[in-house]
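Structure at a glance
Here are the chains, one letter per residue:
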Amino acid sequence: MTTLKLLLLPGDGIGPEVMAEVEKVAAAVAEGGEARFEFERGLVGGCAYDAHGKAISESDMALAKAADAVLFGAVGGPKWDPVPYDVRPEAGLLRLRKDLGLFANLRPAICYPALADASSLKREVVEGLDIMIVRELTGGVYFGEPKEIRDLGNGQKRGIDTQVYDTYEIERIARVAFDLARKRRNKVTSGEKRNVMKTGVLWHEVVTAVHAREFKDVTLEHQLADALAMQLVRWPKQFDVIVTDNLFGDVLSDIAAMLTGSLGMLPSASLGEADAVTGKRRALYEPVHGSAPDIAGKGLANPIAMIGSLAMAMRYSFGLGATADRIEAAIARTLAAGLRTADIRGDARSVVSTAQMGDSIVAEYRKGA
Ligand code: NAD
């Protein structure tokens, strides 16, 4: 059995609390003989700034590059609001994404039947929902230059962000989406704003060309990103895989989060280019939520998004699909048994703590798939 090198970066706020539960699940996986793990631990975000004056140190970056996968908790909090922009907590995550070349962000939105009533939408609209949002992560308006606030000298300032996409960036993210669709329900919906943005025109053109050249067997449809947002809350089950740029993906995946009931339920994967020789991809797995300073340190955080991120690591980095299925089944059974953290409380009479939720998932995992 090969040893899998995992770098744990718990970060700030509830990050360390939910990471502690992942470690319990990973221990159960190792105990069952399905995988052997070697853990390294590092600092990212506000805690790294406190320790090194940077959002991630060079030595932790080196560990991230050497790891088979990185598990990331969350960063940020009001304590670090005053720190300089370049070393703010989020800069650690952006550096990891950029330096590891993590251009594809996969965000599944799955509505567990037991939680259909926790959604703000009607049960029939969300029950059984299973969609995958593929967001371009290293390009677009979050990285394009110029990016500045310019003093116009007349008492006015101008804020500038630049949306830029090259053909290759759109091609590689489109391929990830089409490949995933082939393993799912074979449909891709591409979202952009070609009616008002040049990058949207190019996005539409390139996705259409990749489809025609390489993925004719997959159904492709295009929707304007604003219409897509509307359709996501009107009839989300029409979607299988959604592929879109960095900015629209950021917004649309948060909408999808609410379809499933809580930010605390959503895992994500960020993948890099496949190595030409080994086929391995650099990868970082993280919950979609932030550091939730309002509940940090109270044992209230829902660890399911973080544990689901470990399941995604099993599936996409280690080829251990059966282990991923088993973790997800353990989550589903725990929810079906009525365990609820406060964020997914619904009508439940009592709620469990972060650790109790983690312990129950471990117990269900040990029972098998
Ligand atoms: P947030 O995701 O931290 O919290 C939003 C709301 O959801 C809060 O009410 C919070 O209590 C709740 N919530 C989030 N995760 C939860 C969980 N696992 N269980 C139960 N409830 C949960 O977003 P925010 O409040 O906008 O941001 C807080 C801090 O996190 C900010 O500093 C922000 O910059 C940072 N942030 C970090 C990341 C990241 O690390 N990837 C992402 C988003 C925000």
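Scroll up for the structure.
Note on numbering: residues in each chain are counted from 1, in written sequence order. With pLDDT at 70 or above as the cut-off, local features in this predicted model cover only qualifying residues; side-chain atom pairs require 80 or more to be listed or tallied, and sums for whole chains, interfaces and linings still use all residues. Hydrogens and water are ignored here; the side-chain numbers use all heavy atoms of the structure.

**Notes on the layout of surface pockets**
- If you add up the space inside the largest pocket, you get close to 760 Å³.
- Lining the largest pocket are 30 residues; nearest its centre among them are Glu 90, Leu 93, Leu 94, Arg 97 and Tyr 142.
- At the level of elements, β3 (69–74), α4 (89–99), β4 (104–110), β6 (144–151), α9 (246–259) and β12 (281–287) are the ones that each hand at least two residues to the lining of the largest pocket.
- Each helix corresponds to a stretch of at least 4 residues labelled H or I by DSSP, and each strand to a stretch of at least 2 residues labelled E; elements are numbered beginning at the N terminus. Per-element tally for the lining of the largest pocket: the top contributor is α4, with seven residues.
- Points on a 1 Å grid, built from protein atoms alone, make a cavity when a 1.4 Å probe fits but cannot get out and make a pocket when they are open with protein on both sides within 12 Å along at least 5 of 7 lines; residues with an atom within 4 Å of a point are the lining residues. Grid points are joined across faces, edges and corners, and a volume is the space filled by probe spheres set on the points. Taken as a whole, the second largest pocket spans an internal volume of roughly 610 Å³.
- In this structure, the second largest pocket is lined by 29 residues; those nearest its centre are Leu 106, Met 132, Leu 180, Arg 315 and Tyr 316.
- For the lining of the second largest pocket, the elements supplying multiple residues, two or more each, are β4, β5 (130–136), α6 (167–182), β11 (267–274), α10 (304–316) and α11 (321–336).
- Polarity classes work like this: nonpolar for Ala, Val, Leu, Ile, Met, Phe, Trp, Tyr, Cys and Pro, charged for Asp, Glu, Lys and Arg, and polar for all others, with Gly in that last group. Tallied by class, the residues present in the lining of the second largest pocket amount to 17 nonpolar, two polar and ten charged.
- Each of domain 1 (1–105 + 266–369) and domain 2 (130–259) contributes no fewer than three residues to the lining of the second largest pocket. Delimitation of the domains relies on an automatic or database domain assignment.

**A closer look at the nonpolar core**
- One finds Leu 106, Val 134 and Ile 327 to be the most contacted residues of the largest nonpolar core, which totals 67 residues.
- Both domains that meet at this core, namely domain 1 (1–105 + 266–369) and domain 2 (130–259), each give it at least three residues.
- Should any heavy atoms of two residues lie within 4.5 Å, those residues are considered in contact. Setting aside anything within four residues of it in sequence, one finds Leu 106 in contact with Met 132, Ile 133, Val 134, Val 176, Leu 180, Pro 267, Ser 268, Ala 269, Leu 271, Met 312 and Tyr 316.
- Formed by 20 residues, the second largest nonpolar core is a distinct cluster that contains Leu 228, Phe 239, Ile 242 and Leu 252. The set of buried Ala, Val, Leu, Ile, Met, Phe, Trp, Tyr and Cys residues whose side-chain atoms join them within 4.5 Å is what this entry labels a nonpolar core. A 1.4 Å probe rolled over the protein chains alone gives each residue an accessible area, and that area as a share of the maximum for its type sets the label: buried under 20%, exposed over 50%, partly exposed in between.

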